[in-house]
Amino acid sequence: MSDPTKALLAFDSIDELSRRKSLVHDRHPVALCLVSAGYLLIIASYGRHQVSALLPFFAYPVITMALSELPPGQLLRRLAFTSPLLLGLGALNPLFERTMVNVGPWTMAAGWLSFASLGIRLYLTVSAAYLLIATIGMDGLAKALRVLHVPAIIVIVFVTTYRYLELLLSEIISMLRAYELRSTGSKSIAPSIWGPMLGGLFMRTHHRATRIHAAMCLRQFRGVYPSGNFISFKSVDVVYCLLWLGFFILARTVDLGGCLGNLTVSLFSRPGT
């Protein structure tokens, strides 16, 4: 049977990464949220056949990961987890979009362009989401949302859902270990007890969540996420935010990828050829 321990460790690793210190981790969470939101909106604004125009946007995840000193292996694992389904659907595009288009010296079906664009946007959006959570954490994101005047009910539902997933995974791990110890070496769960185990799982998580909620109420919880003391917005945060947003707008209005390609061709082309 599959071990959900890896999924629980992934949750814990995100919290651990967000507690690091770096040039990006020290930035104001609101600045990081604004940069990520602007990045995702601009990526989503591109057409499905645009490929070269998306290439300059690789600078954001590459530079941010280098400045934050985050391990690239975790990002690659998350990409490997989310990629197969979308890329599998995108691989059908060449079968439905057979219109031939010219791409430089080559001629290919338009479906290949939409497939390449889908793959690039998948990498960019997943990278941006991972970098945001890995640098400010779920608590930092909740604080930033409250500063941006997102309704408290939305923030508390968002945070508690994230925490409930951790609780659910921990209960699944406990039940699977108990089953393995009592199943005399069986490596799979018998279909006859799928229902009772699923019902017991939700009953266990409900009872544990009830105890957690009672403890929160004893600590004066009144339905509003406690953001606590928040750091002030510094000038370096404004500069960081404006530089990235300015670069995104420049890359959206000017085809930097095409300009770079033309410059490369002109540099390496030989006279008289």
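Conventions used here
- Residues numbered from 1 in each chain as written.
- Predicted model: local features only at pLDDT ≥ 70, side-chain atom pairs only at ≥ 80, totals over all residues.
- Heavy atoms only, no water.
- Helix = DSSP H or I, 4+ residues; strand = E, 2+ residues; numbered from the N terminus.
- Contact = heavy atoms within 4.5 Å.
- Areas by Shrake-Rupley, 256 points an atom, 1.4 Å probe, with all protein chains shown as cover.
- Buried < 20%, exposed > 50% of the residue type's maximum accessible area, 1.4 Å probe, protein only.
- Axes fitted to C-alpha atoms, helices over the stretch in contact; angles between N-to-C directions.
- Parallel < 35°, antiparallel > 145°, perpendicular 65-115°, else oblique.
- Nonpolar A, V, L, I, M, F, W, Y, C, P; charged D, E, K, R; others polar.
- Polar contact = N/O pair within 3.5 Å; in protein donor to acceptor, adjacent residues only side chain to side chain.
- Patch = residues over 30% accessible without salt bridge, like charges linked within 9 Å, V, L, I, M, F, W, Y side chains within 5 Å.
- Salt bridge = Lys/Arg side-chain N within 4 Å of Asp/Glu carboxyl O.
- pLDDT = per-residue confidence, 0-100.
- Core = buried A, V, L, I, M, F, W, Y, C linked by side-chain atoms within 4.5 Å.
- Left-handed = near helix turned anticlockwise from the far one by under 90°.

Quick word on the overall build of the protein chain
Here is step 1: Along its length, the protein chain carries 10 helices and two strands.
Here is step 2: Sequence-ordered secondary structure for the protein chain, helices as α and strands as β, is α-α-α-α-α-β-β-α-α-α-α-α.
Here is step 3: Taking the contacts inside the protein chain whose residues are at least 6 apart along the sequence as the reference set, 80% of them involve residues at least 24 apart.
Here is step 4: Of the roughly 16500 Å² of accessible surface on the protein chain, 69% is carried by carbon and sulfur atoms.

Focus: the environment of valine 147
Here is step 1: Position of valine 147 relative to the elements: it lies in helix α6 (residues 110–147).
Here is step 2: What makes valine 147 partly exposed here is its relative accessible area of 37%.
Here is step 3: In this structure, the C-alpha to C-alpha distance between valine 147 and valine 30, residues 117 residues apart in sequence, is 7.5 Å.

Some points on the packing of helix α3 (residues 59–68) against helix α9 (residues 235–253)
Here is step 1: Two elements in contact, α3 and α9, have axes whose closest approach is 11 Å; the angle formed by their N-to-C orientations is 155°. As far as their axial angle goes, α9 and α3 are roughly antiparallel. Only Tyr240, Trp244, Phe247 and Phe248 of α9 make contact with α3, whose side of the interface consists of Ala59, Tyr60, Ile63 and Thr64.
Here is step 2: Residues of the contact of α3 with α9, tallied by class, amount to seven nonpolar, one polar and no charged.

Overview of the environment of arginine 27
Here is step 1: If you trace the backbone, arginine 27 turns up in the loop between α1 (5–18) and α2 (29–44).
Here is step 2: Overall, the relative accessible area of 9% leaves arginine 27 in the buried class.
Here is step 3: In the structure, arginine 27 is positioned 211 residues away from valine 238 in sequence and 9.4 Å away in space, judged by C-alpha atoms.
Here is step 4: In this structure, arginine 27 is in contact with Leu32, Val236, Asp237 and Tyr240, ignoring residues within four places of it in sequence.
Here is step 5: Of the polar contacts made by the side chain of arginine 27, one reaches the backbone oxygen of leucine 23; its length is 2.7 Å.

Thoughts on unusual backbone geometry
Here is step 1: Positive phi is not limited to glycine here, since glutamate 69 has a value of about 60°.
Here is step 2: The topology assignment puts glutamate 69 in the loop between α3 and α4 (72–90).
Here is step 3: A residue is classified by how much of its surface remains accessible, and glutamate 69, at 57% relative accessible area, is exposed.
Here is step 4: One non-glycine residue, histidine 149, adopts positive backbone phi at about 65°.

Remarks on a nonpolar patch on the surface
Here is step 1: A grouping of Leu23, Val62, Ile63 and Leu67 is seen on the molecular surface, where their side chains present a nonpolar patch of about 330 Å² in accessible area.
Here is step 2: The class for isoleucine 63 is partly exposed, based on a relative accessible area of 38%.

Brief notes about the side chain of serine 18
Here is step 1: Tracing the chain through its elements places serine 18 in helix α1.
Here is step 2: If sequence neighbours within four positions are ignored, serine 18 has contacts with His25, Ile133, Ala134, Thr135, Ile136 and Gly137.

Topic: the confidence of the model for the protein chain
Here is step 1: Within the protein chain, residue pLDDT values average 78, and 76% of them lie at 70 or more.
Here is step 2: Here helix α10 (residues 256–268) stands out as the least confident element of the protein chain, with mean pLDDT 63; α2 is the most confident, with 92.

Thoughts on the nonpolar core
Here is step 1: Membership of the largest hydrophobic core comes to 40 residues, with the highest contact counts inside it found for Val35, Tyr39, Phe57, Tyr60, Tyr130, Leu141 and Phe248.
Here is step 2: Listed by contribution, the elements that provide at least two residues to this core are α1, α2, α3, α4, α6 and α9.
Here is step 3: Here this core takes 14 residues from α6, the largest share from any one element.
Here is step 4: When neighbours within four sequence positions are excluded, valine 35 is seen to be in contact with Tyr60, Tyr240, Cys241, Trp244, Leu245 and Phe248.
Here is step 5: The next biggest cluster of nonpolar side chains, apart from the first, holds five residues, and it includes Leu168, Met175, Met197 and Leu201.

Considering the packing of helix α7 (residues 152–182) against helix α8 (residues 194–218)
Here is step 1: Packing of α7 against α8 brings their axes to within 10 Å, and their N-to-C directions diverge by 130°. As the angle between them shows, α7 and α8 are arranged oblique. Like other packed secondary-structure pairs, α7 and α8 cross with a definite hand, here right-handed. Residues Tyr164, Leu167, Leu168, Ser170, Glu171, Ile172, Ser174, Met175 and Tyr179 of α7 lie in contact with α8, whose contacting residues are Met197, Gly200, Leu201, Phe202, Arg204, Thr205, Arg208, Ala209 and Ile212.

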